[in-house]
Amino acid sequence: QYMADVSTGLKIARLQPDIFEIDFMKMDDVSPKRLAKNHLTFNFWGDMSIAIADGKVALGKTIMGIQKDCHNTRHYPEWNYYEWVLHKSRYMKQCITAGIPMIPTIFVDNGFNAKAVLKQVQAKGWDKFLVKPAYLAFFGQGVIHGKTQDFVDNL
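Conventions and cut-offs
- Residues numbered from 1 in each chain as written.
- Predicted model: local features only at pLDDT ≥ 70, side-chain atom pairs only at ≥ 80, totals over all residues.
- Heavy atoms only, no water.
- Axes fitted to C-alpha atoms, helices over the stretch in contact; angles between N-to-C directions.
- Helix = DSSP H or I, 4+ residues; strand = E, 2+ residues; numbered from the N terminus.
- Parallel < 35°, antiparallel > 145°, perpendicular 65-115°, else oblique.
- Contact = heavy atoms within 4.5 Å.
- Nonpolar A, V, L, I, M, F, W, Y, C, P; charged D, E, K, R; others polar.
- Core = buried A, V, L, I, M, F, W, Y, C linked by side-chain atoms within 4.5 Å.
- Buried < 20%, exposed > 50% of the residue type's maximum accessible area, 1.4 Å probe, protein only.

Participant: Explanation requested: the packing of helix α6 (residues 79-86) against helix α7 (residues 88-97) in the structure shown.
Facilitator: Helix packing geometry: the angle between the two helix axes and the distance between the axes. Running from amino to carboxyl end, α6 crosses α7 at an angle of 90°, the nearest separation of the two axes being 5 Å. Comparing their axes, α7 and α6 come out roughly perpendicular. In this structure, α6 uses E83, W84, V85 and L86 to contact α7, whose residues at the interface are K88, R90, Y91, Q94 and C95. Across the contact of α6 with α7, the residue classes tally to 5 nonpolar, 1 polar and 3 charged.

Participant: Whenever I open this one, the nonpolar core confuses me. Can you help?
Facilitator: Soluble, globular proteins show a tendency: their nonpolar side chains are buried together. Judged by nonpolar contacts, the single largest core of 13 residues is most densely connected at M27, V30, L35, M48, L59, I63 and Y82. At the level of secondary structure, the elements contributing two or more residues to this core comprise α3 (48-53), α4 (57-68) and α6. Not counting chain neighbours up to four residues away, the residues in contact with I63 comprise M27, V30, N43, G46, D47 and M48.

Participant: Help me understand the environment of I50, please; the structure alone is not making it clear to me.
Facilitator: Take I50: it is sitting in helix α3. A residue is classified by how much of its surface remains accessible, and I50, at 11% relative accessible area, is buried. Spatially, the C-alpha atom of I50 lies 34 Å from that of V152, the residues being 102 residues apart in sequence.

Shown next, in the form of structure tokens:
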């Protein structure tokens, strides 16, 4: 019923029971009213992107509003960080610029053209590759992968 990251809250409660009281919430329970009773809220995955992926657009908008108003709702991660993580191509490019190693990547910034991407993959000499949407995608949503030759043969 709860997300996998519940273990973090349980560990904190076990280590410091005199300091922390953990308020476990299902994603549908996240609201400004519920958060108002908490000193601090860490949200691990019960977020706007999951809500939208589940077809709960109104809930997604509510959670986004909570994240954007993090200084009043005491909700973390705050929106700017969270949105940075959602933009994979942006954070990956910033990491590369900062000298943080990344897996070899072809960035597709202005629409996906399968033939153009395949041509770039072939130019790199990659036998296999994976394509992942750059924004608001996780857990394999929208991912395609396989052997380059299979795509050459079928595209």
